[in-house]
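# Reading the structure
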Amino acid sequence: MTGLLAQATTKGPPINWEALSPFIALVAGGCIVLLVGLARSAFIRRQVVPVLTLLTLGATAGLGVWQWDINEGIVANAMVVDNLTLALTMIFVAGGIAAVFLSWRSIASAEAGEGEYYALMLMSILGMLVLVAANDLVVLFIGFELLSIPLYVLCATHMRREQSLESGLKYLIIGSVGSATLLYGLAMLYGAAGGTNYGDIAAVAAEMADDTLFMVGIGLVLAGLAFKASVAPFHQWTPDVYEGAPTPVTGFMAVATKAAAFGVIIRLFVGPLIDATTTWAPAFATLAVITIIVGNVGALGQSSLKRMLAYSSVAQAGYMIAGVVVTTQLGIAATVFYLAIYVVMNLAAFAVITARERETGLGDDISSLYGLGRDRPFLAWPMTIAMLALAGFPVTAGFFGKIYLINAAVNNGYGWLGVVIVVGSAISLAYYLRVVAAVWMREAPAASTSLSAVPIMAGGSPEGDEAAYAAGREPGADVGRVVSEDFGEPSIITSGPRISQPEVIFVAVFCALVTIAFGVYPEPLMDVARDAGEALQSLR
Amino acid sequence: MAIAIGWSAGGGGFGVAWAPTWDLRLAFELDGLAALYGVLAAGIGTLVFLYASAYVPRHLAHQERSRREEARLHGAMVLFLVSMLGLVMAQDLIALFVFWDLTAVASWLLVGYDRHNRDARLSALMALLVTAVSAVLMLVGILMLRAEYGTVQLPELFAVAQESTTVTVAVALIAIAALAKSAQVPFHFWLPRAMAAPTPVSAYLHSAAMVAAGVFLLSRIHPLIQLDARLLDGLIVIGLTSMAVGGLLALGSRGLKRILAYSTISQYGYVVTMLGIGGAAGAAGACFYVLGHALAKSALFMTAGAVTEATGAKALGEVGGLARRMPLLAAGSGAAAAGIAALPLTIGFFKDELFFKAALDRGNVLGALAVLGAALTFAYMARFWTGIFLGAPKGELRPVERRLIWPVALLGALVVVGGLVVGPFADLARDAAVVTQRGAVELEAAYHLDARAENLMAIGAYALGFALFASGRLLGAPLSVFSRLGHDLGPERAYNASIRGLNRLSNRLHDIEVRDLRGRLIAVVVPGAGLVALGVAVTPTDGAYRTGALPAADVPLVVALAVCALAALAVPFCRRHLLIALALSGVGFALATTYSLMGAPDVALVAVLIETIFALLFVGVFALLPRDVLRREARLRAPRSRKLRDAAIATASGVVTSLVVWSAFSRPVPREGMSDRLSALAPEAHGKDIVTVILADFRGLDTLVEITVVAVAMIAVSLLLRGKLRG
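As the structure is a computational prediction, the values presented were derived from the model and not from experiment.

Turning to the overall build of chain A, a few remarks are in order. Per the secondary structure count, chain A includes 24 helices and two strands. Taking all 540 residues of chain A together, 67% fall into the buried category. Carbon and sulfur atoms provide 67% of the accessible area of chain A, an area that totals close to 16,500 Å².

Attention now goes to the packing of aromatic side chains. Scanning all chains against the criterion turns up 30 aromatic pairs over all chains. With a centroid separation of 6.4 Å and an interplanar angle of 75°, the aromatic rings of tyrosine 289 of chain B and phenylalanine 355 of chain B are classed as edge-to-face. Remark: phenylalanine 355 of chain B occurs in helix 17 (residues 347–361) and tyrosine 289 of chain B occurs in helix 14 (residues 279–311); sequence separation between them is 66 residues. Residue tyrosine 289 of chain B is classed as buried on the basis of its relative accessible area, which comes to 0%. A relative accessible area of 1% means that phenylalanine 355 of chain B is categorised as buried. Put simply, the rings of Phe101, Trp104, Phe506 and Phe510 of chain A pair up and form one aromatic cluster. Positioned over the ring face of phenylalanine 144 of chain A is lysine 228 of chain A, at 5.1 Å from the centre of the ring. One residue, lysine 181 of chain B, lies across the ring of tryptophan 100 of chain B, its end atom 4.6 Å from the ring centre.

A separate point is the domain arrangement of chain B. Domain boundaries in chain B define domain 1 (2–470), domain 2 (553–661) and domain 3 (684–726). Distance between the C-alpha centres of domain 1 of chain B and domain 3 of chain B: 81 Å.

What follows is about the domain arrangement of chain A. Domains assigned within chain A are domain 1 (21–441 + 504–538) and domain 2 (455–503). The distance between the C-alpha centroids of domain 1 of chain A and domain 2 of chain A comes to 32 Å.

A few words on the environment of isoleucine 427 of chain A. Looking at where isoleucine 427 of chain A falls in the secondary structure, it is placed in helix 19 (residues 415–440). Since its relative accessible area comes to 19%, isoleucine 427 of chain A is described here as buried. As a C-alpha pair, isoleucine 427 of chain A and leucine 300 of chain A span 127 residues in sequence and 8.3 Å in three-dimensional space. Setting aside chain neighbours within four positions, we find isoleucine 427 of chain A in contact with Asn296 and Leu300 of chain A together with Leu502 of chain B.

Attention now moves to the UniProt feature "domain: MrpA C-terminal/MbhD" (unreviewed entry) in chain B. UniProt tags residues 563–627 of chain B as "domain: MrpA C-terminal/MbhD" (unreviewed entry). Split by type, residues 563–627 of chain B is 83% helix and 0% strand. Its first and last C-alpha atoms lie 30 Å apart.

Attention now goes to unusual backbone geometry. For the bond from alanine 232 of chain A to proline 233 of chain A, the omega torsion is 0°, close enough to zero to count as cis. Residue proline 186 of chain B is bonded to the preceding valine 185 of chain B through a cis peptide linkage, with omega at 5°. On the secondary structure map, proline 186 of chain B appears in the loop between helix 7 (165–181) and helix 8 (190–193). The phi torsion at serine 230 of chain A lies on the positive side, around 55°, for a residue other than glycine. With phi around 70°, valine 395 of chain A is a residue other than glycine that occupies positive phi space. As for its placement among the helices and strands, valine 395 of chain A is situated in the loop between helix 17 (377–391) and helix 18 (397–411). Note on valine 395 of chain A: relative accessible area 25%, which makes it partly exposed.

In low-pLDDT segments, the atomic positions of the prediction should not be examined closely. All names here are of chain A. Considering every residue of chain A, the mean pLDDT works out to 84; 87% of them sit at 70 or more. A low-confidence stretch, residues 5–10 stays under pLDDT 50, and its non-local contacts, those more than four residues away or across chains, total one contact. Counting interchain partners and residues more than four positions distant, the pLDDT-below-50 stretch residues 447–495 has 74 contacts.

Before going further, it helps to spend a moment on the packing of helix 2 (residues 17–36) of chain A against helix 3 (residues 42–66) of chain A. Residues and elements named next belong to chain A. Where helix 2 meets helix 3, the closest approach of the two axes is 8 Å, and the angle between their N-to-C directions is 175°. Viewed along their axes, helix 2 and helix 3 adopt a mutual orientation that is roughly antiparallel. Where helix 2 approaches helix 3, its residues Glu18, Ser21, Pro22, Ala25, Leu26, Gly29, Ile32, Val33 and Val36 are matched on the opposing element by Ile44, Val48, Val49, Leu52, Thr53, Thr56, Leu57, Thr60, Leu63, Gly64 and Trp66. Across the contact of helix 2 with helix 3, the residue classes tally to 13 nonpolar, six polar and one charged.

A few words on the interface of chain A and chain B. Taken together, the contact pairs 75 residues of chain A with 69 residues of chain B. Between chain A and chain B, a total of about 6,200 Å² is buried, with carbon and sulfur atoms accounting for 70% of that surface. Summed over the three residues of chain A that lose the most area to chain B, namely Thr212, Gln236 and Met441 of chain A, the buried surface amounts to 11% of that side. Remark: the boundary between chain A and chain B carries zero salt bridges. Here chain A and chain B share three residue pairs in polar contact (both at pLDDT 80 or more) between them. The dominant element in the side of chain A that touches chain B, judged by the number of residues it contributes, is helix 19 of chain A, at 10 residues.

All names here are of chain A. Between helix 10 (residues 212–228) and helix 12 (residues 247–269), whose axes approach to 8 Å, the crossing angle comes to 160°. With respect to each other, helix 10 and helix 12 are oriented roughly antiparallel. Of the residues in helix 12, those touching helix 10 at Ile218, Val221, Leu222, Leu225 and Lys228 are Thr257, Ala261, Val264, Ile265, Leu268 and Phe269. Residues that form the contact of helix 10 with helix 12 fall into these classes: nine nonpolar, one polar and one charged.

This part takes up a positive patch on the surface. On the surface, Arg576, Arg627, Arg631, Arg632 and Arg635 of chain B cluster together into a patch of positive charge. With respect to the helices and strands, arginine 627 of chain B occurs in helix 28 (residues 627–635).

A few words on a nonpolar patch on the surface. Where nonpolar side chains cluster on the molecular surface, the patch consists of Val606, Leu609, Ile610, Ile613, Phe614, Leu617 and Phe618 of chain B and spans about 630 Å² of accessible area. Within the secondary structure, phenylalanine 614 of chain B sits in helix 27 (residues 601–624).

Next up on the list: the pattern of salt bridges. In this structure the tally under the stated criterion is 23 salt bridges over all chains. Measuring nitrogen to oxygen at the nearest pair gives 3.0 Å for the salt bridge that ties aspartate 240 of chain A to lysine 170 of chain A. On the criterion of sequence distance, the pair formed by aspartate 240 of chain A in helix 11 (residues 237–244) and lysine 170 of chain A in helix 8 (residues 162–193) is long-range, its members being 70 residues apart. With respect to burial, aspartate 240 of chain A and lysine 170 of chain A carry one shared label: buried. As a salt-bridge pair, glutamate 401 of chain B and arginine 58 of chain B come within 3.0 Å of each other at their nearest N and O atoms. Within this pair, whereas glutamate 401 of chain B is found in the loop between helix 18 (364–389) and helix 19 (406–420), its partner arginine 58 of chain B is found in helix 2 (residues 32–62), the two being separated by 343 residues in sequence. For arginine 58 of chain B, a relative accessible area of 16% puts it in the buried group. Each of Glu166, Lys170, Asp240, Glu243 and Arg307 of chain A takes part in a single network of salt bridges with overlapping partners.

Moving on, we come to the side chain of threonine 238 of chain A. Among the secondary structure elements, threonine 238 of chain A is positioned in helix 11. Threonine 238 of chain A gets classed as buried once you look at its relative accessible area, which sits at 0%.

Taking 1.5 Å per residue as the helical rise, helix 29 (residues 640–666) of chain B with its 27 residues ought to reach 39 Å, and the 38 Å between its terminal C-alpha atoms agrees with that figure. When we look at burial in helix 29 of chain B, the residues that qualify are Val660, Ser663 and Ser666 of chain B. Elements that come into contact with the buried residues of helix 29 of chain B comprise helix 8 and helix 10 of chain A together with helix 24 (517–538) of chain B.

On to the UniProt feature "domain: NADH:quinone oxidoreductase/Mrp antiporter transmembrane" (unreviewed entry) in chain A. The UniProt record annotates "domain: NADH:quinone oxidoreductase/Mrp antiporter transmembrane" (unreviewed entry) at residues 134–428 of chain A. Taken end to end, residues 134–428 of chain A is 80% helix and 0% strand, and its two terminal C-alpha atoms sit 34 Å from one another.

This next bit is on helix 2 of chain A. Taking the largest bend as the criterion, helix 2 of chain A deviates by roughly 35°, centred on phenylalanine 23 of chain A. Looking at helix 2 of chain A, one finds that the buried residues are Ala19, Leu20, Ser21, Pro22, Phe23, Ala25, Leu26, Gly29, Gly30 and Val33 of chain A.

What counts, and at which threshold
- Residues numbered from 1 in each chain as written.
- Chains lettered and ligands numbered in written order.
- Predicted model: local features only at pLDDT ≥ 70, side-chain atom pairs only at ≥ 80, totals over all residues.
- Heavy atoms only, no water.
- Helix = DSSP H or I, 4+ residues; strand = E, 2+ residues; numbered from the N terminus.
- Buried < 20%, exposed > 50% of the residue type's maximum accessible area, 1.4 Å probe, protein only.
- Areas by Shrake-Rupley, 256 points an atom, 1.4 Å probe, with all protein chains shown as cover.
- Phe/Tyr/Trp six-rings, centres within 6.5 Å; stacked < 30°, edge-to-face > 60°.
- Lys NZ or Arg CZ within 6 Å of the ring centre and 35° of its normal.
- Domains from an automatic or database assignment.
- Contact = heavy atoms within 4.5 Å.
- UniProt positions renumbered as here; feature names shortened; annotations may be inferred.
- pLDDT = per-residue confidence, 0-100.
- Axes fitted to C-alpha atoms, helices over the stretch in contact; angles between N-to-C directions.
- Parallel < 35°, antiparallel > 145°, perpendicular 65-115°, else oblique.
- Nonpolar A, V, L, I, M, F, W, Y, C, P; charged D, E, K, R; others polar.
- Buried area = accessible area lost by both parts, 1.4 Å probe.
- Salt bridge = Lys/Arg side-chain N within 4 Å of Asp/Glu carboxyl O.
- Polar contact = N/O pair within 3.5 Å; in protein donor to acceptor, adjacent residues only side chain to side chain.
- Patch = residues over 30% accessible without salt bridge, like charges linked within 9 Å, V, L, I, M, F, W, Y side chains within 5 Å.
- Lys, Arg positive; Asp, Glu negative; His and termini not counted.
- Charge placed at Lys NZ, Arg CZ, Asp CG, Glu CD.
- Expected span 1.5 Å × (residues − 1).
- Bend = angle between axes of the 7 residues up to and from the residue.

Below, the structure written as structure tokens:
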């Protein structure tokens, strides 16, 4: 018996717990957050749960740093933890932390229940992690769904707002079609390659490059993943979902999902499918052109900031494809670099939008930013920096991101794609600068708009909300009154009442500072990106 | 001042590693070229700051704006000054680009300073778009150079660059950005519009700094431009065109600042022409020209501002006879105007001498064109100055601060001093030209009282210019036609049209995209199907579609498939809901039969179960729905076009799917599948077959999960029951 046991232990598959630790941290954190969220005390739900979420994310990031430079397949080679996975993990965690700060006082988390809200967010991050670590088609799909399903729910968490529900439903339905497309494609790849592990696929990719089944599989997988990455023409859910979802969720979705989608695209296409590059690269490059044009042109006419950022995210996805199709380490490094700065640029903008949504009642309309430059430097500067960075102006990290990508494109025979990127960013100036102009060159709207303002925020104080719940009322329904009592007569307010939301302003200012810091001295981030690019050793 | 001292001390430079991954260095060097442009930017900048400290409060008071906003202008000006200094000293093309764009941003803030004014905002945007969009072309050029030679350090590039198509294209892209910044035709239209800026901004940006940055860049990369003669010729053509267009428009317009803006276009046309002529003469002439022009032009801009402040007039004809009433201003701006018009005893005389000399080196045609250009300059400068200061006095005169006057006088004095003691100025320009030329340059500026060609050309230009000036009234009509033509057909129209076109396209896209859910699903499915069809289409057909024999054992399979196809075909022809549901489940059951025949009884069982459930569900739902609604719905007829469309889509997808399946069946089975490998592992796990092993492996986990599910369900039920009992 003992002999058998001993034999069993030696025969048991080795499990690299260290490499698995970031995943375990997220799972455990998610469970704890869910359980603690059941507590009756409002303090625990409102304050302790987000702190626990932050701790979980911090632990994940810490474990990721600890595991830096390992390069191993784990769980019977179904997943790979290498610098690419870990670099992307940092991006997800950054997006998650910012989302927690932005959600701290949001009505969405209060309505959905804090425990559930934050646990869903953690699970979604776990899904992203699984997705980019996947080294097997089945794991890929599990990660894909684990990422998507919590997001469908998160989009609808602002339950009493019609658009939020609509956005969740739309995302669910269209997202399911995307998932189905992906699954269909994965099945075909499996059928063609005879195995689900990336290694099996890589082994046959070269000889299968002109096989119908394999090609159709690639096509469908491309469509499914393009859907997640908001690559035109699969992007049409993006503006609606971005606009309808609660802004913290939109911010999270915009940055983290994008990074996850590009992570898996890199893993799969520049990994096992590298020998079939001639098959997919032209299609992908064509999609990049369509995406850049559609995203930039679409953003021009939007007055809703979130819709504008949605189209801008489409355009940015198009830029990042350039880093993928060149299939070089430089290209991967450029994409990872861009993803990282994409996170900070966008989060700064979303933080400002969140702050103004709560203050003005104008929602995410561009007019909510009028007059910001004079009255609110801590919101005006982050927004300006974010927009200039997205437009790729120097002294912001966006500049280096863009030249990194263009450089990668020019260096590997995709010069024309570089030109398309340039044309696209030329068009993009028009709408990014419109926002900057709204901040600095417009006067705040007349008092009448803020008179009717109903800030979208879960009450001025937790007690107020509790009272509202107790009375069977919706918290926030009477917030306009509460706020106006707190902040003086609304009639003298020119640009919306100030609400104490230091954590939102912190996110905005911090992200803006990071954007500037990497714009002045990009070296550390370039190092990380290069390490991530070198994780794919098969590349040049 | 520090720059002048630094330059006279022989320059110097420093460099720090910036992004070693990219081999970027923040390398700065105060060479002759940097000294020239740096002295201009800092020196004129200082005077403009003084001028602005008097001008801006008045400007704000006119518009009833708060004094607090003054800081914003000064802040942006300082930003501009710093980035301009960084720009001129940068030795790394990426660093240079960074400062280049920063000047554009600062200029955007400055031109759009009157933010309540829509025109100012649009003008600022136009200036930014033209310069920043062309700047991205420059970035592509820089990256092309980097891809070719692996460096963006200018000294290294100069050392290794050879003539090649890549280099020519890259340098051309950089040159386009430079020309757009210097407001050369066809990018000149932003400059007159930018006159919406407050006057100090124009006096600084549009005479000595922003527009000068363009020709600075051309001078900086001149060693690369020289590699290809076509680029040099292109510069000459653009320079001459700008000279002519700017001169004619200046002669034809009335607005004080507009005249000066057109004059700037024309004057930088001279510089671009000289850079195109190249060689020692061209380089020396260009550098000296920039110096002479910047001093005089900023004085003239400040004059325009002072006149507008004193009289309220903004155009010629609204003002006159100011010479008596503002003598110091008249003298200062007279000297400056004489400088631009290249009269003797001003620094301007030498700039034209050098220009004529360089032009003559390239042939007589160019010489003649140069004289024509100089004549135009003389004419519009004469018109500008006499229009303001001579003639009958008009209008009220308000007192203005002396700080609005004496910067003009000081610059005017400098222009005259430069005409008398040309030495230091010539030295500054020569050192700059040495950098441009990368070789020794002779710059000889002195008066020669003899009948050499340059002197004759200058006299010819004065005479012709005076004739043009005297016949001003006659020229009015054709000039206004020219200006209207330029407005209607020129590049500004193209700019506006492209902006409008983009907006329309954006609206179109919005209309296409914002539709119902069905439209969105189509948007996912159709491109996905397109990708699949593409995959099928590009597959080589050779051996991909094979037909084998049909053994007797397969006959039931064929029958089942035929039933499946027939049932599917029946679906679109059914009108009653129940029939549709039944036909659909017929498809499902036929498929289930196929699965079972193919040796997958488990899949078949699941399929039968699901089909049964769904068939029952459909029947149940239809039973619950009101009969008349169902009947009415069934009677609705789809429009013919939609039927055709649906039929086409269905046929196409059917064909593509069949092709995919056909080709999938035609290909050989993979050598070794995952299942084979797993089965082979079974003995190692002490199991007889793989199913046993999997069951044994997962038994424990399975039980754990079952227990968890049951426990959670029990907790939930007990909670519900408690609530129920309590409630």
